[in-house]
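Chain by chain, the residues run as shown.
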Amino acid sequence: MTSKTEMREQFRVVVTGVGLVSPVGVGTEATWAALQSGDSGIDRITLFDPERFSCQFAGEVKGFVAENFVDRKDVKKMGRFIQFAMAAAQFAMEQSGLDMSAEDPERVGVYVGSGIGAFEVIEREHTKLQSGGPDRISPFFITATIANLAAGQISIRYGATGPNLTCATACTTGAHGVGEAFRILQRGDADVMICGGSEAAVTPLSVGGFGAMRALSTRNEDPARASRPWDRGRDGFVVGEGAGVLVLEEREHALKRGATILAEIVGYAANSDAFHTNAPPEDGRGVRRVMQLALKDAGLEPSAIQYLNAHATSTPLGDRAEAMAICETFGDHAKSLLVSSTKSMTGHLLGGAGSLEAGITVLALRDQIAPPTTNIEDLDEVVQFRLVRDKAISAPMEYAMSNSFGFGGTNASLIFRVHHPDV
């Protein structure tokens, strides 16, 4: 019987494409350049009039033209989250250089999720129902809305007839999409997986709902500085929108076709706090455990990790719990561990956050650059690691971790390494 370790050695998994659509840029390199520069994508909401809302700002994707990525006749058939996913998938596939005409389509799968789906379509069609009755509802309402249609539309576009799956695990969705696609490839059930998450939740009902929970920052006078992970003055997260899609491949498949390999994915874990719907335990024990499990899956000691892209959303409880978990997991090594939260610039993409940040982590390894955490004026004393503040840092990095956590206590941690062709 093949052991898990033997299976992992037989089916190693690499990243050959990263596609990013975010509040700081439409496109992978545009997003990455903005993050290295510390640019903020957070500003007053323009997608609707926010005047009556407690939080009047968000991380909107600016300058996005759906017709650049989707046939004009199909735009109305897709919610905004699907459009973002299609764009991110296109960027990832172009970077990967994958030629679908040369692939067995049954060996190419898609695993792309969304935490919510098309909030804006639900709101629009409900208004039409209330004002004009059921005959006013669009025939595209359902297929423009449901979470699995991002994966469905990507598979249709590329003719990928392998595994086609979606998860909706709140703010961990994107990380779970990458991690579960990794498992599919490890098992040998596909050669290529297009994976990640997407979200478009800058809508009245979404922003109003999160505001009613008192989860959002209300720093309306200074939106660009509102998302401030680990700052003592943090007062809530900022809703962002966009998508992150990665192309993962079985390593030998990628090498055989001469692909440029950006990084190797070597560890993944998922678990639950089993504690509260929207708050972590104070000691961050679920977060600590998921990082430990990911390290075990990768066969690594904590000291092997040089960079960590944290979930840190700028909430009082969440940031503190994750900081405590990082310090306990990494011990003395935490003092030299480079850590950043790029949500300080993008806001929180909810179901798209985990895969956006997984992609950022891959790019950090590719370029040996740790992006900054911005907006910190008064650092919380709980931070006992090497937080990357204000400016990006160039540093040697072999292994990097990306964390994601979501409502319901769901957690995920991913570990990537620099790819060595001869190892």
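Owing to the predicted nature of the structure, the values given are computational and were not obtained by experimental measurement.

Colleague: Could you clarify how one ought to interpret the side chain of Ser-227 in this entry?
Modeller: Among the secondary structure elements, Ser-227 is positioned in the loop between α9 (204-212) and β8 (242-250). Excluding residues that lie within four positions of it along the chain, Ser-227 makes contacts with Ile-42, Val-238, Thr-313, Ser-314, Lys-343, Ser-344, Thr-374 and Asn-375.

Colleague: Whenever I open this one, the pairing of strand β1 (residues 13-22) confuses me. Can you help?
Modeller: On a regular strand, each side chain points to the face opposite its neighbour's, so the side chains alternate between the two faces of the sheet. Counted residue by residue, β1 has 10 buried out of 10 residues, so it is predominantly covered. Sheet analysis places β1 next to strand β9 (residues 263-272), joined by three bridges and oriented antiparallel. Within the sheet, the bridge partner assigned to Val-15 lies in β9 and is Ala-263. When β1 meets β8, the two strands line up antiparallel, connected through eight bridges. Within the sheet, the bridge partner assigned to Val-21 lies in β8 and is Ala-243. Across two bridges, β1 lies against strand β2 (residues 25-26) in antiparallel orientation. The partner of Ser-22 across the bridge, within β2, is Gly-25. Taking the residues between adjacent antiparallel strands as the criterion, β1 and β2 are bridged by two residues.

Colleague: Explanation requested: the pattern of salt bridges in the structure shown.
Modeller: Opposite charge on two side chains lets them pair, provided their charged atoms get close. Taken as a whole, this structure holds 27 salt bridges when the rule is applied. A salt bridge links Arg-232 to Glu-381; the nearest nitrogen and oxygen atoms lie 3.0 Å apart. In this pair, Arg-232 is assigned in the loop between α9 and β8 and Glu-381 in the loop between β12 (369-370) and β13 (386-387), connecting sequence segments 149 residues apart. Note on Arg-232: relative accessible area 46%, which makes it partly exposed. Classification of Glu-381 as partly exposed rests on a relative accessible area of 44%. Ionic pairing is found between Arg-251 and Glu-252, a salt bridge with its closest N-O pair at 3.2 Å. When its relative accessible area of 6% is taken as the criterion, Arg-251 is described as buried.

Colleague: Would you take a moment to explain the pairing of β9 for this structure?
Modeller: When you tally the buried positions in β9, you get eight out of 10 residues, the bulk of the element. Of the pairings in the sheet, the one linking β9 to strand β16 (residues 410-417) comprises eight bridges and is antiparallel in character. The residue of β16 that forms the bridge with Ala-270 is Ala-412.

Colleague: Please explain the side chain of Thr-313 as it appears in this structure.
Modeller: For Thr-313, the location among the structural elements is in the loop between β10 (307-309) and α12 (316-330). A polar contact is formed between the side chain of Thr-313 and the side chain of Thr-315, at a distance of 3.3 Å. Ignoring anything within four residues of it in the chain, the contact list for Thr-313 reads Ser-227, Gly-236, Phe-237, Asp-319, Lys-343 and His-348.

Colleague: Can you help me understand helix α5 (residues 119-132) in this one?
Modeller: Structurally, the α-helix is built with 3.6 residues per turn, so residues lying three or four positions apart point the same way. For α5, built from 14 residues, the straight-helix expectation of 20 Å at 1.5 Å per residue is met to within 8% by its first-to-last C-alpha distance of 20 Å. Of all the positions in α5, only Phe-119, Val-121, Glu-123 and Glu-125 are classed as buried. The inward-facing, buried residues of α5 abut α6 (141-145) and α9. Note on α5: the residue one or two positions beyond its end, Gly-133, has a positive phi of about 90°.

Colleague: Looking at this model, I keep getting lost on the confidence of the model for the protein. Mind explaining?
Modeller: Low-confidence regions, as indicated by low pLDDT, have predicted coordinates that should not be scrutinised in detail. Put simply, the protein has an average pLDDT of 96, and 98% of its residues get 70 or more. Overall, residues 1-8 carries pLDDT values under 50, and its contacts beyond four positions in sequence, including any with other chains, amount to nine contacts.

Colleague: Which parts of the structure should I look at to understand the UniProt feature "active site" (unreviewed entry) in the protein?
Modeller: Per the UniProt annotation, the sites labelled "active site" (unreviewed entry) are Cys-171. Here Cys-171 shows up in the loop between β6 (164-165) and α8 (173-187). Given a relative accessible area of 10%, Cys-171 falls into the buried group. Apart from the residues lying within four places of it in its own chain, the contact partners of Cys-171 are His-311, His-348, Leu-350, Gly-351, Gly-354, Ser-404, Phe-405 and Gly-406.

Colleague: Quick question: what am I supposed to make of the environment of Phe-141 here?
Modeller: With respect to the helices, strands and loops of the structure, Phe-141 is situated in helix α6. The partly exposed category is assigned to Phe-141, whose relative accessible area is 22%. For the pair Phe-141 and Arg-251, spaced 110 residues apart in sequence, the C-alpha separation works out to 40 Å. Apart from residues no more than four positions distant in its own chain, Phe-141 is found in contact with Val-121, Ile-122 and Glu-125.

Colleague: Please explain the packing of aromatic side chains as it appears in this structure.
Modeller: Each aromatic ring pair is characterised by the separation of its centres together with the angle its planes make. For the structure shown, the criterion picks out seven aromatic pairs. Pairing Phe-69 with Phe-91 gives two aromatic rings, centres 5.4 Å apart and planes at 65°, and the pair type is edge-to-face. With Phe-69 in the loop between β4 (57-58) and α3 (72-75) and Phe-91 in helix α4 (residues 80-96), this pair connects stretches of sequence that are 22 residues apart. Of the two residues examined, Phe-69 and Phe-91, each falls in the buried class.

Colleague: Would you explain unusual backbone geometry in this entry?
Modeller: For residues that are not glycine, phi is negative in most cases, and the peptide bond is trans in most cases. One non-glycine residue, Arg-214, lies in positive phi territory at about 65°. With respect to the element layout, Arg-214 can be found in the loop between α9 and β8. In the Ramachandran plot, Asp-390 falls in the positive-phi region, its phi being about 70° despite a non-glycine side chain. In this structure, Asp-390 sits in the loop between β13 and β14 (393-394). When its relative accessible area of 43% is taken as the criterion, Asp-390 is described as partly exposed.

Procedures and definitions
Residues numbered from 1 in each chain as written. Predicted model: local features only at pLDDT ≥ 70, side-chain atom pairs only at ≥ 80, totals over all residues. Heavy atoms only, no water. Helix = DSSP H or I, 4+ residues; strand = E, 2+ residues; numbered from the N terminus. Contact = heavy atoms within 4.5 Å. Buried < 20%, exposed > 50% of the residue type's maximum accessible area, 1.4 Å probe, protein only. Pairing = 2+ DSSP bridges. Salt bridge = Lys/Arg side-chain N within 4 Å of Asp/Glu carboxyl O. Polar contact = N/O pair within 3.5 Å; in protein donor to acceptor, adjacent residues only side chain to side chain. Expected span 1.5 Å × (residues − 1). pLDDT = per-residue confidence, 0-100. UniProt positions renumbered as here; feature names shortened; annotations may be inferred. Phe/Tyr/Trp six-rings, centres within 6.5 Å; stacked < 30°, edge-to-face > 60°.

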